[in-house]
Amino acid sequence: MADEMELEPGAGSVPDTQPDTPGAKLRVAREAMGLSLSDIATRTRIAQRQLEAVERDDYAALPGIPYAVGFARAYARAVGLDEVAIAAQVRQGVHGADLNANRYEMFEPADPARVPSRTLAWTAAAIVILLVAAFTIWRMQIFTPPTSEEVAAREQVAPTATAPPVVAAPASQPVVFTAVDDVWLRIYDEAGERLKDGLMKKGDTFSLPPDARNPMILTGRPQALSVTVGGKAVPPLGEADRTIADVPVSAEALLARGTAAATTPAATAPAARPAPQRRVSRPAARPAASDADMGATSAPAAPPAPAAPSGSGAATPE
């Protein structure tokens, strides 16, 4: 019993040997796992000298309270201790160190193990810079006004691109309608606006406005109108006493009608030549028809028969 009583006081001394500071607890846990400080530095991405300061509870050797608490939490996580409890003990311990606690207690740094590496940070920064530069160049190209050289080059290219449709030249030629007889007419543009509407007396004239857009005419007596383009007469607008409607009367359309009318006789001239051939063939067929009529052919042949004896009368007195 005496021995047991002697051992009882010794049993109460076991808790006194356990570490009571956060640095000592971290060191004991590391040694229990068989890890070295270099192993913890690799896991936590914290410098080994700073881990040594955490184990010694030498918080003055660390940059400040936020770093001391952050390093201790990462160390505790690596060795399987309660990081919240270790962080609380570190905060209590740093109050005794000269770390200007009032300034740094309001925030803590991020976990060093989760902070991206310096290479990754520089790569991301370079990508952001390139994107910003590309966006700036794109905006400058869009919103920068063209230079005088570019404008001149565009003006030189524009006429060549629009050179084929030079049909606007005839539009400057005046179109004049002259009534050779009393005639009612209506001239209107593509929007339906009436440019001329009413009766034109014989001898009246009407000049088409040069800015008329696709003008057209409606009349019942196209033969009573004489139309000129630039002083040159154009073919009639339609057949006599036949109502015409929606007939274009712009300078271009009237000149096109004149061109079509000029080419029509040339096209029909070869077709008129076979007509005389048909007429020549008809007289040739008449003798064939008279030969078929036997009664008609025998009558004219009879007078020459008596002429033969009369022509040979000198020989008959034999």
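Look above for the structure.
Report follows, based on the coordinates.

## What to know about the overall build of the protein chain
Counting secondary structure elements, the protein chain contains 14 helices and 8 strands. Out of the 318 residues belonging to the protein chain, those deemed buried represent 23%. When contacts within the protein chain are restricted to residue pairs at least 6 apart in sequence, those whose partners lie at least 24 apart make up 60%.

## Details of the sheet that holds strand S2 (residues 183–188)
Strand order in the open sheet made by the 4 strands is S3-S2-S5-S8, with antiparallel pairing throughout. Each having just a single partner strand, strand S3 (194–200) and strand S8 (244–248) make up the two edges of the open sheet. Taking each pair of neighbouring strands and ignoring which way they run, the sheet shows an average axis angle of 15 degrees. As paired elements, S2 and strand S5 (residues 216–219) share 4 bridges and run antiparallel to each other.

## With respect to the sheet that holds strand S4 (residues 205–207)
Within the open sheet, the 4 strands sit side by side as S4-S1-S6-S7. Their pairing is antiparallel. Only two strands of the sheet have a single partner each, and these edge strands are S4 and strand S7 (232–233). Sheet topology note: the strand S1 (residues 175–179)/strand S6 (residues 225–229) ladder contains 5 bridges and is antiparallel. Its bridge partner being in S6, Phe177 is matched across the sheet by Val227.

## Concerning helix H4 (residues 37–44)
For H4, the set of buried residues is Leu37, Ile40, Ala41 and Thr44. For H4, the angular spread of the buried residues around the axis is 105 degrees, confining them to a single face.

## So, the packing of helix H5 (residues 48–55) against helix H6 (residues 65–79)
As a packed pair, H5 and H6 sit with axes 10 Å apart at the nearest point and diverge in direction by 90 degrees. In terms of their interaxial angle, H5 and H6 are classed as roughly perpendicular. Within the contact between the two elements, H5 uses Gln50, Leu51, Val54 and Glu55 and H6 uses Phe71, Ala72 and Tyr75. Looking at the contact of H5 with H6, its residues break down into 5 nonpolar, 1 polar and 1 charged.

## Notes on helix H7 (residues 83–94)
A rise of 1.5 Å per residue sets the reference length of H7, with its 12 residues, at 16 Å; its end C-alpha atoms lie 16 Å apart and thus fit the reference within 8%. Those residues of H7 that sit buried are Glu83, Ile86, Ala87, Val90 and Val94. Buried residues in H7, looked at end-on, bunch into an arc of 100 degrees, giving them a common side. Residues Val84 and Gln92 are exposed on H7 and point more than 90 degrees away from its buried face. Against helix H3 (22–32) and H6 lie the buried residues of H7. Where H7 begins, the side chain of Asp82 points an oxygen toward the backbone nitrogen of Val84, at a separation of 3.2 Å.

## What to know about the packing of aromatic side chains
Remark: the centre distance and the inter-plane angle together describe each pair of aromatic rings, the angle taken between the planes. Per the stated rule, a full pass over the model turns up 3 aromatic pairs. A ring pair is formed by Tyr67 and Phe71, whose centres lie 6.1 Å apart and whose planes are at 55 degrees; its orientation type is tilted. In this pair, Tyr67 and Phe71 both sit in helix H6, 4 residues apart, roughly one turn of the helix. The exposure class assigned to Phe71 is buried, which follows from its relative accessible area of 7%.

## Focus on the environment of Gly70
Take Gly70: it is sitting in helix H6. Given a relative accessible area of 8%, Gly70 falls into the buried group. Residues Gly70 and Val90 lie 20 residues apart in sequence; the distance between their C-alpha atoms is 9.7 Å.

## Let's talk about the nonpolar core
Membership of the largest hydrophobic core comes to 26 residues, with the highest contact counts inside it found for Leu26, Ile40, Leu51, Val54, Leu62, Tyr75 and Val90. At the level of elements, H3, H4, H5, H6 and H7 are the ones that each hand at least two residues to this core. If you look at the next biggest cluster of nonpolar residues, it comprises 21 residues, including Ala179, Ile217, Leu225 and Leu237.

What counts and what doesn't
Residues numbered from 1 in each chain as written. Predicted model: local features only at pLDDT ≥ 70, side-chain atom pairs only at ≥ 80, totals over all residues. Heavy atoms only, no water. Helix = DSSP H or I, 4+ residues; strand = E, 2+ residues; numbered from the N terminus. Buried < 20%, exposed > 50% of the residue type's maximum accessible area, 1.4 Å probe, protein only. Contact = heavy atoms within 4.5 Å. Pairing = 2+ DSSP bridges. Axes fitted to C-alpha atoms, helices over the stretch in contact; angles between N-to-C directions. Arc of directions from axis to C-beta. Parallel < 35°, antiparallel > 145°, perpendicular 65-115°, else oblique. Nonpolar A, V, L, I, M, F, W, Y, C, P; charged D, E, K, R; others polar. Expected span 1.5 Å × (residues − 1). Polar contact = N/O pair within 3.5 Å; in protein donor to acceptor, adjacent residues only side chain to side chain. Phe/Tyr/Trp six-rings, centres within 6.5 Å; stacked < 30°, edge-to-face > 60°. Core = buried A, V, L, I, M, F, W, Y, C linked by side-chain atoms within 4.5 Å.

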